[in-house]
Amino acid sequence: MNNNRNTEKTPLNYAKWACDTMMKKFKAENLPPKGHFHYHQGVFLSGMEKTYELCKDEKYKEYIDSWVNSLVTPDGEILGFDSDELDDVQPGILLFRMYHETGDERYAKAIRHLIRVVKYFPKNREGGYWHKVKCKEQMWLDGLYMAGPILAMYGKYFADPECFDICAFQALLMKEKTLDEKTGLLCHAWDSLKQRPWADPLTGKSPEFWGRAIGWVPVALLDELEFMPEDFQDRQSLINMAADLLLAVEKYQDKSGLWYQVIDKGSVAGNWLETSCSCLFAAALCKAVRMGFLDHSHIQTAQKAFDGIVKRLKYHEDDLIVDGICVGTGVGDYAHYCSRPTSENDLHGTGAFLLMCTELQRVTFESAK
């Protein structure tokens with residue numbers, strides 16, 4: 001570890017280091033895209049919230065709250081929110097703790113608004129949510145993470161069991177439409193009209209298995225399962241979906257510990273090892289073990305991923321740099337994914353890193369206490 005930071009090499013300390021680096025770079029209200037209530041900030045700050053839960057350093061909670069309060073007005077209006085995108089619903093998961101701690105109705109009002117947006121979001125002919133209004137009739141794997149966990153949290157804390165039904169329906173429909181039986185992996189997207197340039201004319205599936213999109217799925221499912229009742233009718237189906245996908249993903253882990261951008265084509269020219277999906281897979285494996293859905297042997301896969309990512313980290317003075325992160329992308333062919341630029345310390349990549357670090361900390365250190 002960098003000599004400029006004297007600390008133990010635990011996953012939690014790496015998480016704190018990543019948080020501190022980003023907090024030094026950005027004031028909370030300036031997190032990019034500035035002034036936009038968006039999943040980039042949401043996944044990063046949810047990782048920071050998990051870091052806070054473990055270390056109890058109030059500066060992290062204060063930073064999260066500052067960002068939320070810069071966009072949620074005193075009367076509960078959400079500024080910089082685009083109701084045409086499921087991506088903009090995801091940060092709503094940050095509002096539940098704030099409402100619980102303060103009792104301030106503006107947070108409840110904002111949460112209810114987000115839930116209404118999800119419940120009335122456009123659906124395809126089979127009842128699946130479009131990913132965005134402009135992505136007519138298309139379901140993307142990413143959408144399960146953007147809308148699922150907030151629904152499950154609302155279902156529990158606001159006594160709305162319909163939300164659990166929506167979560168399960170959307171996830172199981174996504175599995176039905178994107179599952180590749182041969183590999184056990186999920187295609188990035190599905191076009192119900194089978195008309196997009198990337199869509200298979202017979203199935204509507206997209207042609208490739210993009211790492212980060214697949215990574216969002218078990219992370220979302222496990223988050224949802226935390227809030228669903230033990231006797232929920234589709235609970236076991238969701239557990240099986242998460243576990244089966246993680247078992248399929250494990251087979252494609254590279255000797256470095258990471259996974260490839262297009263995860264089943266590591267030997268094909270142009271492909272490259274991608275950080276954010278590797279973090280998400282490791283986080284989900286840890287959480288699935290912690291929740292009792294996979295046996296403890298799978299921690300070895302997650303630890304290998306963590307070790308591989310730590311080896312790739314860079315340092316600048318006292319800053320930690322997470323790189324090799326694919327920037328956002330649409331749906332496309334192999335060349336499309338492999339030609340996407342990479343970034344360092346962007347929010348969804350750093351957020352994924354925090355999720356991995358905190359889940360590995362919980363399953364290897366906290367559970368031993």
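Along each chain, residue indices are assigned from 1 in the same order as the chain's sequence is written. Predicted model: local features are reported for residues with pLDDT of at least 70 only, side-chain atom pairs are reported and counted for 80 or more only, and whole-chain, interface and lining totals are derived from all residues. For side-chain calculations, the full set of non-hydrogen atoms in the structure is used, while hydrogens and water are omitted.

## Some remarks on the overall build of the chain
Note the threshold: Counting from the N terminus, the helices are the DSSP runs of H or I reaching at least four residues and the strands are the DSSP runs of E reaching at least two. Relative accessible area decides the class of each residue, using a 1.4 Å probe on protein chains only: under 20% of the type maximum gives buried, over 50% gives exposed, and in between gives partly exposed. It only takes one pair of heavy atoms within 4.5 Å for two residues to be counted as in contact. Reported accessibility uses the Shrake-Rupley method at a 1.4 Å probe radius. Residues are deemed covered only where the shown protein chains occlude them.
Looking only at helices and strands, one finds 13 helices and eight strands in the chain. Projected onto its principal axes, the C-alpha positions of the chain cover 55 × 55 × 40 Å. Relative to its 369 residues, the chain shows a buried fraction of 62%. Of the contacts made within the chain by residues no fewer than 6 positions apart, 69% connect residues no fewer than 24 positions apart. Just so you have it, the chain exposes about 14700 Å², and 48% of that area is on carbon and sulfur atoms.

## A short note on the nonpolar core
So the rule is basically this: Among buried residues, the Ala, Val, Leu, Ile, Met, Phe, Trp, Tyr and Cys ones that are joined through side-chain atoms within 4.5 Å form a nonpolar core.
Formed by 140 residues in total, the largest nonpolar core has its most connected members in Tyr14, Phe44, Leu45, Trp67, Ile214, Phe353 and Met356. Top element by residues in this core is helix H10 (residues 275-290). It accounts for eleven residues.

## Here's the deal with the layout of surface pockets
To be explicit about the condition: Whether a set of points on the 1 Å grid over the protein atoms alone is a cavity depends on a 1.4 Å probe fitting there but being unable to get out, while an open set qualifies as a pocket with protein on both sides within 12 Å along at least five of seven lines; lining residues are those with an atom within 4 Å of a point. Grid points are joined across faces, edges and corners, and a volume is the space filled by probe spheres set on the points.
Its boundaries defined by the atoms lining it, the largest pocket holds a volume of some 610 Å³. Surrounding the largest pocket, 25 residues form its lining, Glu49, Glu53, Met153, Tyr157 and Phe227 being those nearest its centre. For the lining of the largest pocket, the elements supplying multiple residues, two or more each, are helix H2 (39-55), helix H4 (95-102), helix H6 (142-157), helix H8 (211-227), H10 and helix H13 (347-364). Quantified by volume, the second largest pocket comes out at close to 190 Å³. Looking at the second largest pocket, it is lined by 17 residues, and the ones nearest its centre are Asp87, His131, Lys132, Trp140 and Thr329.

## So, empty space enclosed by the protein
Rule in force here: Residues are grouped as follows: nonpolar covers Ala, Val, Leu, Ile, Met, Phe, Trp, Tyr, Cys and Pro; charged covers Asp, Glu, Lys and Arg; every other residue, Gly included, is treated as polar.
The final tally for this structure, using the stated rule, is three cavities of 30 Å³ or more. Space inside the largest cavity adds up to approximately 120 Å³. Taken together, 15 residues make up the lining of the largest cavity; nearest its centre are Tyr129, Gly143, Leu144, Ala147 and Gln170. Among the secondary structure elements, those contributing two or more residues to the lining of the largest cavity are strand E1 (138-140), H6 and helix H7 (162-178). With five residues, the single largest contributor to the lining of the largest cavity is H6. Its residues assigned to classes, the lining of the largest cavity shows ten nonpolar, four polar and one charged. Around the second largest cavity sit Lys50, Pro218, Val219, Leu222, Asp223, Ala283, Ala284, Lys287, Leu355 and Glu359, which together line it.

## What about the packing of aromatic side chains?
Convention followed: Centres within 6.5 Å are what make two rings of Phe, Tyr or Trp a pair, Trp counting through its six-membered ring; a difference in plane orientation under 30 degrees is then read as stacked, over 60 as edge-to-face, and the rest as tilted.
Applying the stated criterion across every chain, the model contains 16 aromatic pairs. With a centroid separation of 6.4 Å and an interplanar angle of 20 degrees, the aromatic rings of tyrosine 14 and tryptophan 17 are classed as stacked. You can see tyrosine 14 and its partner tryptophan 17 sitting in helix H1 (residues 11-25), three residues apart, about one turn around the helix. An angle of 75 degrees between the planes, with centres 6.3 Å apart, marks the rings of phenylalanine 37 and phenylalanine 81 as edge-to-face. Taken together, the positions of phenylalanine 37 in the loop between H1 and H2 and phenylalanine 81 in the loop between helix H3 (58-71) and H4 put the pair 44 residues apart, joining distant regions of the chain. Taken together, the aromatic side chains of Phe96, Tyr99, Tyr154, Tyr157, Phe158 and Phe227 make up a single cluster linked through ring pairs.

## A few points about the state of the cysteines
Stated precisely, the cut-off is as follows: When the sulfur atoms of two cysteines come within 2.5 Å, that pair is taken as a disulfide.
Applying the stated criterion to the full structure yields zero disulfides. Not part of a disulfide, cysteine 163 finds its nearest cysteine sulfur in cysteine 167, a span of 6.8 Å. Judged by relative accessible area, cysteine 163 falls into the buried class, the value being 0%. Take cysteine 326: it sits in no disulfide, and the sulfur closest to it among the cysteines is that of cysteine 277, at 9.1 Å. The class of cysteine 326 is buried, set by a relative accessible area of 0%.

## Quick word on the pattern of salt bridges
To be explicit about the condition: Think of a salt bridge as a Lys or Arg side-chain nitrogen and an Asp or Glu carboxyl oxygen that are within 4 Å of each other.
Within this structure, the stated rule accounts for 20 salt bridges. For arginine 97, the salt bridge is made with glutamate 49, and the minimal N-O distance between the two is 2.5 Å. Taken as a pair, arginine 97 in helix H4 and glutamate 49 in helix H2 lie far apart in primary sequence, 48 residues in all. A single burial state applies to arginine 97 and to glutamate 49, both of which are buried.

## Side note on H3
Here is the rule: To estimate the expected span of a helix, subtract one from its residue number and multiply by 1.5 Å.
Over its 14 residues, H3 runs 21 Å from end to end, which matches the ideal 20 Å to within 8%, given 1.5 Å per residue. All of the buried residues along H3 are Tyr60, Lys61, Tyr63, Ile64, Asp65, Trp67, Val68 and Leu71. Next to the buried residues of H3 lie H1, H2, H4 and helix H5 (105-119).

## Structural notes on the packing of H7 against helix H9 (residues 235-250)
The test is simple: The axes used here are C-alpha line fits, helices contributing only the stretch in contact, and every angle between their N-to-C directions lies in the interval 0 to 180 degrees. Note that the term roughly parallel is reserved for angles under 35 degrees, roughly antiparallel for angles over 145, roughly perpendicular for angles of 65 to 115, and oblique for everything else. Should the near helix be turned anticlockwise from the far one by less than a right angle, the crossing is left-handed, and should it be turned clockwise, the crossing is right-handed.
Running from N to C, H7 and H9 cross one another at 45 degrees; their axes reach a closest spacing of 10 Å. When the axes of H7 and H9 are compared, the pair comes out oblique. Along this stretch, H7 crosses H9, giving a crossing that reads as left-handed. Mapping the contact onto sequence places Ala168, Ala171, Leu172 and Lys175 in H7 and Ser237, Leu238 and Met241 in H9.

## Things to note about the side chain of glutamine 261
With respect to the element layout, glutamine 261 can be found in the loop between strand E3 (259-260) and strand E4 (273-274). Looking at glutamine 261, the relative accessible area reads 1%, which means it is buried. Filtering out sequence-adjacent residues up to four positions away, glutamine 261 remains in contact with Phe209, Trp210, Gly211, Asn271, Trp272, Glu274, Cys326, Tyr337 and Arg340.

## A few points about the side chain of lysine 132
You can see lysine 132 is positioned in the loop between H5 and E1. Not counting residues up to four positions away in its chain, the partners in contact with lysine 132 are Asp84, Glu85, Asp87 and Phe121.

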